[in-house]
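# Summary of structural features
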Amino acid sequence: LQCLEDLPDDVTVTQDICFPSTNRIINDLRVIIKRTGINNVFIGSDTEPPLTELKEGLGPNVEIYYMKPHGPQLDVIIFELSDHFIGSCVSSLTAFATRARNIRGDPTSFWGLISD
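Overview of the structure. For clarity, every value in this text was computed on a predicted model and none was experimentally measured.

At a minimum axis separation of 9 Å, helix α4 (residues 72-81) and helix α5 (residues 92-104) run at an interaxial angle of 30°. Viewed along their axes, α4 and α5 adopt a mutual orientation that is roughly parallel. The handedness of the crossing between α4 and α5 comes out as right-handed. Residues Pro-72, Val-76, Phe-79, Glu-80 and Leu-81 of α4 touch α5, and the partners they reach there are Leu-93, Phe-96, Ala-97, Ala-100, Arg-101 and Arg-104. Here the residues of the contact of α4 with α5 sort into 8 nonpolar, no polar and 3 charged.

Structure below.
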């Protein structure tokens, strides 16, 4: 998996990595927002994201965008071109975006693997 390549051998895929909770997503986003100063977040998901909770958890200075109806091809393009991308370790769409981003040296992170 693209997210475990550079980690110790004893790190395994967990529920938090595969299906991060809303709290995990908010905490991971807060870390990346603090590091980068990014204040626009695009959510690409094949399920309805918890937009209200995300907006409350991230505060008024962060704009959250979600495309409805969901368009996976457009999601991948946005993932590839974003300033910073956070994806699901086990997602094939994340794999596509991560490969393209790695070629350009663009930063990529993975839910459940972001440390403070």
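Attention shifts here to the nonpolar core. In this structure, Leu-29, Val-41, Leu-58 and Ile-64 are the most contacted members of the largest nonpolar core, which totals 16 residues. When contributions to this core are tallied by element, the ones reaching two or more residues are α2 (22-36), β1 (40-43), α3 (51-58) and β2 (63-66). Here this core takes 6 residues from α2, the largest share from any one element. With near-sequence residues (within four places) excluded, Leu-58 lies in contact with Ile-26, Leu-29, Arg-30, Ile-33 and Ile-64.

Where α2 contacts α3, the two axes come as close as 10 Å, and the packing angle between them is 40°. What the angle tells us is that α2 and α3 run oblique. Crossing geometry of α2 relative to α3 is assigned as right-handed. Taken together, the residues of α3 that come into contact with α2 (itself represented by Thr-22, Ile-25, Ile-26, Leu-29, Arg-30 and Ile-33) are Glu-53, Leu-54, Gly-57 and Leu-58. Grouping the amino acids of the contact of α2 with α3 by side-chain chemistry returns 6 nonpolar, 2 polar and 2 charged.

A few words now on a nonpolar patch on the surface. Together, Leu-74, Ile-77 and Leu-81 make up an exposed nonpolar region whose accessible area comes to about 310 Å². Take Leu-74: it is sitting in helix α4.

If you walk through the whole model with that rule in mind, you get 2 aromatic pairs. Both rings, one in Phe-42 and one in Phe-79, keep their centres 6.3 Å apart while their planes meet at 55°; by these two values the pair is tilted. One end of the pair, Phe-42, is in strand β1; the other, Phe-79, is in helix α4, and 37 residues separate them in sequence. Accessibility expressed as a relative area gives 24% for Phe-42, which makes it partly exposed. For Phe-79, a relative accessible area of 9% puts it in the buried group. Ring-pair connections join several aromatic residues into one group, and the members of that group are Phe-42, Phe-79 and Phe-85.

Reading guide: rules and limits
Residues numbered from 1 in each chain as written. Predicted model: local features only at pLDDT ≥ 70, side-chain atom pairs only at ≥ 80, totals over all residues. Heavy atoms only, no water. Axes fitted to C-alpha atoms, helices over the stretch in contact; angles between N-to-C directions. Helix = DSSP H or I, 4+ residues; strand = E, 2+ residues; numbered from the N terminus. Parallel < 35°, antiparallel > 145°, perpendicular 65-115°, else oblique. Left-handed = near helix turned anticlockwise from the far one by under 90°. Contact = heavy atoms within 4.5 Å. Nonpolar A, V, L, I, M, F, W, Y, C, P; charged D, E, K, R; others polar. Core = buried A, V, L, I, M, F, W, Y, C linked by side-chain atoms within 4.5 Å. Buried < 20%, exposed > 50% of the residue type's maximum accessible area, 1.4 Å probe, protein only. Patch = residues over 30% accessible without salt bridge, like charges linked within 9 Å, V, L, I, M, F, W, Y side chains within 5 Å. Areas by Shrake-Rupley, 256 points an atom, 1.4 Å probe, with all protein chains shown as cover. Salt bridge = Lys/Arg side-chain N within 4 Å of Asp/Glu carboxyl O. Phe/Tyr/Trp six-rings, centres within 6.5 Å; stacked < 30°, edge-to-face > 60°.

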